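Listed below are the residues making up each chain.
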Amino acid sequence: SLPAAAARRLALLHSLRLLLLLRPLLLLLPALLLRGRAWQSRFERALVHALERGGPCLTKLGQWASTRPDVLPASLCATLGELHSRVEPHALELSRAAISASFGATAPAEELLGSLSAAPLGSGCIAQVHRATVGGVPLAVKVLHPHVERQVADDLYLLR
C-alpha cells in the first residue's frame, strides 16, 4: 500500500488523464446540443473512444450502459455495444509469462499446460481466454491483461 501523499498524487494524475480523455466529449457537447442528430454519431464515437482509452472500469461502465435502452437512446446503446467486441488482445508472450508466474514456475506455459492456443478465444476489457489442454483434457485459461489490477485499483481509489 502506498503512503497517503503518494496515493493522492497518483489519484490526481489519474484524474487529469481521465479529464484529458473526456476533453473531446466536452468540446462536442455544445455542437450535439445545438445541431442534434448531425453531431450525434460523432459524439457517440468519441465517447466509445474515450471509454476504451479510459481503461477497464470505464469500458465496463460503457458495456453496462449499452444494455440500458430504457435510459439511453437506442443509437447510443448500439454504439456502446461495440465495447463488448472491440477489445484488443494482448500478446501471446504476455499470456505465457502470466501463466508461468501464476504457477510460480520458470517452465514455459506449454510445459505446464500441455498446449496453449496462439490466438485467444476471446478478449475482454479485464482478461482474455485461451484454449489449452492438461493431460489431454481440453480447458479454457483466463489470463488477466497486463497491469489491469493496478488500473482497476486506481479507478476504485478515485471512486472512494
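What you see is a predicted model; the values in this text were computed from it and never measured.

A. Layout of the overall build of the chain. Looking only at helices and strands, the chain has 7 helices and 4 strands in total. Each helix and strand of the chain, placed in order from N terminus to C terminus, yields the pattern α-α-α-α-α-α-β-β-β-β-α. Radius of gyration (C-alpha) of the chain: 19 Å, far over the 15 Å computed for a compact globule of 160 residues. Its C-alpha atoms give the chain principal-axis dimensions of roughly 60 × 40 × 25 Å. Out of the 160 residues in the chain, the part that is buried amounts to 32%. Across the chain, contacts joining residues at least 24 apart in sequence account for 45% of those joining residues at least 6 apart. Distance between charge centroids for the chain: 9 Å, based on 17 positive and 11 negative side chains.

B. Region of interest: unusual backbone geometry. We note that His147 has phi near 70°; this positive angle belongs to a residue other than glycine. For His147, a relative accessible area of 63% gives the class exposed.

C. Representation of the environment of Leu27 in the model. As for its position among the elements, Leu27 is in helix H1 (residues 4–35). For Leu27, a relative accessible area of 63% corresponds to the exposed category. A sequence separation of 27 residues divides Leu27 from Gly54, and the C-alpha atoms of the two residues are 17 Å apart.

D. Quick peek at the state of the cysteines. Applying the stated criterion across every chain, the model contains 0 disulfides. Of the cysteine sulfurs around Cys57, a residue in no disulfide, the closest is that of Cys125, at 8.2 Å. No disulfide involves Cys77; its sulfur sits 17 Å from that of Cys125, the nearest cysteine.

E. Summary view of the side chain of Gln40. For Gln40, the position within the fold is in helix H2 (residues 37–53). Filtering out sequence-adjacent residues up to four positions away, Gln40 remains in contact with Leu32, Pro73 and Ser75.

F. Region of the structure containing the environment of Tyr157. By the element assignment, Tyr157 lies in helix H7 (residues 148–159). Taking the C-alpha atoms as reference, Tyr157 lies 7.3 Å from Ala11; in sequence the two are 146 residues apart. Dropping the residues within four chain positions of it, Tyr157 is found in contact with Ala7, Arg8 and Ala11.

G. Expanded view of the pairing of strand E3 (residues 127–134). Looking at chain direction, strand E1 (residues 115–116) and E3 are connected through 2 bridges and run antiparallel. What sits directly across from Ser115, in E3, is Thr133. Bridge analysis of strand E2 (residues 122–123) against E3 gives 2 bridges, and the strand direction is antiparallel. Bridged to Ser123 within E3 is Gln128.

H. How the structure looks around helix H5 (residues 92–102). For H5, every residue scored as buried is listed here: Leu92, Ser95, Ile99 and Ser100. Buried residues of H5, seen end-on, are gathered within an arc of 130° and therefore sit on one face of the element. Pointing more than 90 degrees away from the buried face of H5 are the exposed residues Glu93 and Ala101. Buried residues in H5 make contact with helix H6 (109–113), E1, E3 and strand E4 (137–144). Of the residues flanking the end of H5, it is Gly104, one or two places downstream, whose phi is positive at about 65°.

I. Inspection of the environment of Ala5 at higher detail. Note that Ala5 resides in helix H1. Residue class for Ala5 comes out partly exposed when judged on its relative accessible area of 35%. Along the primary structure Ala5 and Leu72 are separated by 67 residues, whereas in three dimensions their C-alpha atoms are 39 Å apart.

J. Structural view of a nonpolar patch on the surface. Together, Leu10, Leu12, Leu13, Leu16, Leu19 and Leu26 give the surface a local cluster of nonpolar side chains, amounting to about 590 Å² of exposed area. As for its placement among the helices and strands, Leu26 is situated in helix H1.

Scoring rules and cut-offs
- Residues numbered from 1 in each chain as written.
- Predicted model: local features only at pLDDT ≥ 70, side-chain atom pairs only at ≥ 80, totals over all residues.
- Heavy atoms only, no water.
- Helix = DSSP H or I, 4+ residues; strand = E, 2+ residues; numbered from the N terminus.
- Rg over C-alpha atoms; globule rule 2.2 N^0.38 Å.
- Buried < 20%, exposed > 50% of the residue type's maximum accessible area, 1.4 Å probe, protein only.
- Contact = heavy atoms within 4.5 Å.
- Lys, Arg positive; Asp, Glu negative; His and termini not counted.
- Charge placed at Lys NZ, Arg CZ, Asp CG, Glu CD.
- Disulfide = S-S within 2.5 Å.
- Pairing = 2+ DSSP bridges.
- Arc of directions from axis to C-beta.
- Patch = residues over 30% accessible without salt bridge, like charges linked within 9 Å, V, L, I, M, F, W, Y side chains within 5 Å.
- Areas by Shrake-Rupley, 256 points an atom, 1.4 Å probe, with all protein chains shown as cover.
- Salt bridge = Lys/Arg side-chain N within 4 Å of Asp/Glu carboxyl O.

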